[in-house]
Amino acid sequence: MVPYIIFYFIIFLISFKIEKKWNILDFINLLILIVYSGIRYGIGTDYFLYENIYKHSYDLSLMATNRTGIGFSYLCNFFYKCGFSYQQLIFIFSTITILCFYSFFKKHSSKPGLAILLFVSLGFYTSSFNGFRQMMSLSILLWCFSLFEQKKYIKSILLAIITFFIHSSSLFGILLYIFIYILRNKQFNFILFYGISIVLSLFYNIIFPKIIMLFEQYAGYIDYNSTPGIGTYLVVLFYLFITIFIILKNKNALLKKNKNDNFIINILIIGNIVMLFQLKNWLFARIAVYCTIFVPILLSDYYEYINLKNNKSMSLLFYIFIFVYYLMYIYSFGGVVPYRTIFEQII
């Protein structure tokens, strides 16, 4: 745990100096985030699985394309033929993933230093150690969305296609973002959507198998043993608490400062509904990340707009809470402890 604590406090200290405008500390922060991820060894549930896949990427016919996605298979094939080692591939993918996430938070948060710290605190950073293919796809999708906002439609469409072929779950994110963007001026009713989720849960055993069987690569989740533990319940309760008692309670104050937050709030409402279903099947946790990834922006905006920094006791509690959540998350999820480097030494 010690390497993660040291890493966290370095990011924590730098976060206070990160502003909207890029400066030298941004590049130092980026370098730390990329290197810490890029030099890991054996960290994450799929690390050695993908290492084995990469070793067979010299021949596309030998690759598990249903598992990896055809786009990812071609990426591996390209880098393999260029002579890159698996560890170098990890470093390249870490660079792409962190750079896209970092740029997105810089652009969309009023307090980007805190948003990036929350990206680490809430477990998104270490999640990229596990489902690094999905997280890379998600990070590129957020870049795609930024281009869409700038009306660079051709580039955004091309990137959306790329994200789908890297990880097919991004189709959910693509369709959701388009749907919410069209209704971005509408305010979703949390109680209504929560009621819909309860109704759907009653017919879960009928609806879920029929839908999931439409996607061959996800069919295994029908019989996947994903009985939720205490950690899963705590994560779901955490996001419900954040949504109801922080975001929705202070929605008017948030929207008064930034009307674009309405788009993110609507996404978070949908995300809460999806997360409830992860209590039935872990697949929904992988889908929910396309919604919850926006929480660092909302919480950093909340901290800034509610002027929490001037309330020293509440500000201290806020930072203690996110640090405790960080420790709980890395200890409980994903096999990221202990931290090892490519030098195969436990720091």
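Located above this text is the structure these notes cover.
A quick note: this is a predicted structure, and the numbers were derived from the prediction, not measured. (Residues numbered from 1 in each chain as written. Predicted model: local features only at pLDDT ≥ 70, side-chain atom pairs only at ≥ 80, totals over all residues. Heavy atoms only, no water.)

**Student:** I'm lost on the overall build of the chain in this one. Help?
**Tutor:** Within the chain one finds 19 helices and 0 strands. Against the globule reference of 20 Å for 347 residues, the chain gives a C-alpha radius of gyration of 20 Å, in line with a compact fold. When the backbone C-alpha atoms are referred to their principal axes, the chain occupies close to 55 × 50 × 45 Å. By residue count, 53% of the 347 residues in the chain fall in the buried class. Long-range contacts, defined as pairs at least 24 residues apart, comprise 75% of the intrachain contacts of the chain with a sequence gap of at least 6. For the chain, the accessible area works out to roughly 16900 Å², and carbon and sulfur atoms hold 67% of it. Here the chain holds 27 positive side-chain charges and 12 negative ones, and the gap between their average locations is 10 Å. (Helix = DSSP H or I, 4+ residues; strand = E, 2+ residues; numbered from the N terminus. Rg over C-alpha atoms; globule rule 2.2 N^0.38 Å. Buried < 20%, exposed > 50% of the residue type's maximum accessible area, 1.4 Å probe, protein only. Contact = heavy atoms within 4.5 Å. Areas by Shrake-Rupley, 256 points an atom, 1.4 Å probe, with all protein chains shown as cover. Lys, Arg positive; Asp, Glu negative; His and termini not counted. Charge placed at Lys NZ, Arg CZ, Asp CG, Glu CD.)

**Student:** What should I look at first to understand the state of the cysteines in this one?
**Tutor:** Covalently bonding the sulfur atom of one cysteine to the sulfur atom of another cysteine gives a disulfide. For the structure shown, the criterion picks out 0 disulfides. Between C76, a cysteine without a disulfide, and C82, which holds the nearest cysteine sulfur, the sulfur-to-sulfur distance is 12 Å. (Disulfide = S-S within 2.5 Å.)

**Student:** I would appreciate a short explanation of a positive patch on the surface in the present structure.
**Tutor:** A cluster of basic residues, K20, K107, K152 and K155, forms a positive patch at the surface. With respect to the element layout, K155 can be found in helix α10 (residues 153-166). Residue K155 is classed as exposed on the basis of its relative accessible area of 51%. (Patch = residues over 30% accessible without salt bridge, like charges linked within 9 Å, V, L, I, M, F, W, Y side chains within 5 Å. Salt bridge = Lys/Arg side-chain N within 4 Å of Asp/Glu carboxyl O.)

**Student:** What am I meant to see in helix α14 (residues 230-248) here?
**Tutor:** Because each turn of an α-helix spans 3.6 residues, side chains separated by three or four positions end up pointing in the same direction. The terminal C-alpha atoms of α14 lie 26 Å apart, and with 19 residues this matches the ideal 27 Å at 1.5 Å per residue to within 8%. At I242, α14 shows its strongest bend, of approximately 25 degrees. Buried within α14 are the following residues: G231, T232, V235, V236, F238, Y239, L240, I242, T243, I246 and I247. (Expected span 1.5 Å × (residues − 1). Bend = angle between axes of the 7 residues up to and from the residue.)

**Student:** Which parts of the structure should I look at to understand the pattern of salt bridges?
**Tutor:** Opposite charge on two side chains allows them to pair when their charged atoms are near. Tallying each qualifying case throughout the model produces 1 salt bridge. In this structure, D26 and K106 form a salt bridge, with 3.0 Å as the shortest nitrogen-oxygen distance. Taken together, the residues span a long stretch of sequence, with D26 in helix α2 (residues 24-38) and K106 in helix α6 (residues 86-108) at a distance of 80 residues. Residue K106 is classed as buried on the basis of its relative accessible area of 3%.

**Student:** What is the right way to look at the environment of R40 in this model?
**Tutor:** Here R40 is to be found in the loop between α2 and α3 (47-55). The exposure class assigned to R40 is buried, which follows from its relative accessible area of 1%. Put simply, R40 and R340 are 300 residues apart on the chain and 5.7 Å apart in space, counted from C-alpha to C-alpha. Dropping the residues within four chain positions of it, R40 is found in contact with Y47, Q87, I90, S94, S128, F129, F132, Y339, R340, T341 and I342. Looking at R40, its side chain comes within polar contact range of the main-chain oxygen of S37, at 2.7 Å. (Polar contact = N/O pair within 3.5 Å; in protein donor to acceptor, adjacent residues only side chain to side chain.)

**Student:** What's the story with the packing of aromatic side chains in this structure? I'm lost.
**Tutor:** Aromatic ring pairs are defined here through the distance separating the ring centres and the angle between the ring planes. Summed over all chains, the structure comprises 59 aromatic pairs. Centre to centre, the rings of F7 and Y36 are 4.3 Å apart; their planes meet at 15 degrees, and the pair counts as stacked. One end of the pair, F7, is in helix α1 (residues 2-15); the other, Y36, is in helix α2, and 29 residues separate them in sequence. With respect to burial, F7 and Y36 carry one shared label: buried. The ring of W22 is capped by K106, whose NZ or CZ atom sits 5.2 Å from the centre of that ring. (Phe/Tyr/Trp six-rings, centres within 6.5 Å; stacked < 30°, edge-to-face > 60°. Lys NZ or Arg CZ within 6 Å of the ring centre and 35° of its normal.)

**Student:** What exactly am I supposed to notice about the side chain of S127 here?
**Tutor:** Within the secondary structure, S127 sits in helix α8 (residues 124-130). The exposure class assigned to S127 is buried, which follows from its relative accessible area of 17%. One polar contact links S127 to Y329, side chain to side chain, over a distance of 3.2 Å.

**Student:** I'm lost on a nonpolar patch on the surface in this one. Help?
**Tutor:** Nonpolar side chains collect at one region of the surface, where I70, Y74, Y153, I154, I157, L158, I161, F164, F165, L171 and L175 lie side by side and expose about 1100 Å² of accessible area between them. Listing elements by their share of the nonpolar patch, those giving two or more residues are α5 (70-81), α10 and α11 (170-182). Residue contributions to the nonpolar patch peak at 7 residues, all from α10. Within the fold, I157 resides in helix α10.

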